[in-house]
Amino acid sequence: MRRLSVIVNAALASRAFYPVVWLACLTPALLLGWRVYEAFTGADPSALGVNPTETLLHMTGRDALSLLLLTLTITPIRRLTGWNRLQSIRRTLGVWSFAYALMHVTCYVVFDQLGDIAGIWDDVANRPFITMGMLAFSILLVLAGTSTNASIRWLGRRWQRLHRLVYVAAAAAVVHFVWGQKADIREPLEWAAYLAVLFAIRIGLAVRKRRRAVQAAVTP
Amino acid sequence: MILKTRTSADLPWSEVTPEPIYRSRREFLRTGVAGITGAAVAALAACGTAEVAEAQTTLASTPNPKYVATAADTLNTFEQITTYNNFYEFGSEKGDPAKYAGKLTVKPWSVKVDGMVSKPGTYGVEDLVDFKALEERVYRHRCVEAWSMVIPWIGVPLASVLNKVGPMPSATFVEFTTLERPSEMPGQRTNILQWPYVEGLRMDEAMHPLAFMVIGLYGKVLPNQNGAPLRIHVPWKYGFKSGKSIVRIRFTSRQPLNTWQIAAPNEYGFYANVNPNVPHPRWSQAHERRLPNFFSNTPTQMFNGYGDQVASLYTGMDLKKNF
């Protein structure tokens, strides 16, 4: 374990670490963009399958959700292992999650709703499945918008409180996924289970911290 | 609209080796290499039968001039129709039926006819379908998920099938049951839906000349993933009303409970007529994506555009309540 930690810490400290993470986040978007190009130009009309918009919505939605849950996994891993350098990519992953969510919403607005504001509002107001998705997206929009160093300085302690909303966004995104299914909810339930594990670890860490604080207070 | 021009590299679909035959050839090679002569001979025999079956898959029919492709309704390709399917018996992903339905045994096939009918019994496909009367009809197929395709089906009017077994006047509904065979239908090993799949129609809907009993498409015997060997197509209703791989036809005086209504009664009703004015609880039904189009820019028509022929079936009914 100690040996592993040495290797991991060396990797995290490497100059290549950040560019590799960034490239890994970008690659799915590039691959998808290439398939959109092939399908749109007719170079390969079936590049995105028979229902291209459905493919785009599913892929960008999954990418956004997995990056969001990965973002939330950083702190527990760091706290449990002490690989503190991981913290440096948390914001990057979070912003990339927003980027995929933005592609997801753009596909919905452009291909499904043809930019019709009344149609979008009808969906948001009347269809809980869409309401949940839009709630998650709106939170990510605010969080991405306040992710700059200047915002962090400006908001001070309020920044952390605001950014705890990321848990609400993750829960809303998973509910959006569940409610989007016709009958087979096995996959979204796996995501929900993972999110529950993340919540449990967070609660566990918070309880441990409080207990230590209490112990420190009573120990003479 | 995406236009595809055929290049010399594109194989016509008829020249593609079907997966089961491909697999049986692989099997033959493998067993042959192993040097087990008996098994190799058996595999060779199986390979031979499969190729004979392949030769028989063309199906002659007369095009019905009333239902043909038009500029607004251009045909989807055979590949599109046979690789993007909702057939939960094989899995809930659209590609699952094409992937897994090859293993389904469709010969021999029998259909149990019972309930309020003068000639109950067990029938073969040839007993129910008059192969000399086969016609080709191009129908719009509108899924409840707001996408649609245009498909050249081959079959006979459903009424001609039902008339062969003599429904009693007391029968006001007819129920269609899909095959339940988990050993060949992997989706049925999960409980994502209640099995077997059941659908039903009011008797006057089933006897309507538009209601079609399908055994083929694109001049070929129906591929398994599309509901072989026998399926319904009711073009003015959402796709889930059209049961596939039918093994039982039951005549009754009580409205059948269809599978999707059992699964989510607030989302799927018994009638399920295509209706742009009644939104699904999770999406509007006002527009549809005519696949493989990106944009959901085809306005959905009342009764999927067949209103002039079927609207009279529902005179005086509140279609918002009876969705």
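Use the structure listed above.
Residues numbered from 1 in each chain as written. Chains lettered and ligands numbered in written order. Predicted model: local features only at pLDDT ≥ 70, side-chain atom pairs only at ≥ 80, totals over all residues. Heavy atoms only, no water.

Asks: Just to check I follow, could you spell out the side chain of Gln225(B) for this structure?
Replies: All names here are of chain B. You can see Gln225 is positioned in the loop between β9 (220–221) and β10 (231–233). A polar contact of 2.9 Å, which involves the side chain of Gln225, links it to the backbone oxygen of Thr82. Dropping the residues within four chain positions of it, Gln225 is found in contact with Thr82, Asn85, Phe87, Pro97, Ala98 and Ala101. (Helix = DSSP H or I, 4+ residues; strand = E, 2+ residues; numbered from the N terminus. Polar contact = N/O pair within 3.5 Å; in protein donor to acceptor, adjacent residues only side chain to side chain. Contact = heavy atoms within 4.5 Å.)

Asks: Got a minute to help me understand the sheet that holds strand β7 (residues 198–202) of chain B in this structure?
Replies: Note on sheets: strands pair through backbone hydrogen bonds, and any given pair is parallel or antiparallel. All names here are of chain B. One open sheet accounts for five strands, arranged β3-β2-β11-β6-β7; its pairing is mixed. The open sheet has two free edges, formed respectively by β3 (121–123) and β7, since each of these has just one partner strand. This sheet shows a mean twist of 20 degrees between the axes of neighbouring strands, independent of strand direction. Judged from the five bridges that link them, strand β6 (residues 173–178) and β7 form a sheet pairing that is antiparallel. (Pairing = 2+ DSSP bridges. Axes fitted to C-alpha atoms, helices over the stretch in contact; angles between N-to-C directions.)

Asks: Is there a simple way to think about unusual backbone geometry in this case?
Replies: What you tend to see is this: most non-glycine residues have negative phi, and most peptide bonds are trans. Residue and element names in this part refer to chain B. In the segment running from Lys107 into Pro108, the intervening peptide bond is cis, with an omega of 0 degrees. Relative to the helices and strands, Pro108 resides in the loop between α4 (96–100) and β2 (111–115). A positive phi angle is found at Ala146, which is not glycine, with a value near 70 degrees. Secondary-structure assignment places Ala146 in the loop between β4 (135–142) and β5 (147–157). With a relative accessible area of 11%, Ala146 lands in the buried category. One non-glycine residue, Tyr218, adopts positive backbone phi at about 50 degrees. Relative to the helices and strands, Tyr218 resides in the loop between β8 (212–217) and β9. (Buried < 20%, exposed > 50% of the residue type's maximum accessible area, 1.4 Å probe, protein only.)

Asks: In this structure, what is going on with the interface of chain A and chain B? I would like to understand it.
Replies: Buried accessible area, meaning the area lost when the parts come together, often serves as the stated size of an interface. Facing 29 residues of chain A, the contacting portion of chain B comprises 32 residues. Between chain A and chain B, roughly 2500 Å² of surface is buried when both sides are summed, and carbon and sulfur atoms account for 60% of that area. For the chain A face of the interface with chain B, the top three residues by lost area are Val50(A), Arg127(A) and Lys182(A), together amounting to 31%. On the surface where chain A and chain B come into contact, there are three salt bridges. One can count eleven residue pairs in polar contact (both at pLDDT 80 or more) joining chain A with chain B. Where the side of chain A that touches chain B is concerned, the elements lending two or more residues are α2 (17–41), α3 (52–81), α4 (90–112), α5 (117–126) and α6 (128–145) of chain A. In terms of residue count, α3(A) provides more of the side of chain A that touches chain B than any other element does, five residues in total. (Buried area = accessible area lost by both parts, 1.4 Å probe. Salt bridge = Lys/Arg side-chain N within 4 Å of Asp/Glu carboxyl O.)

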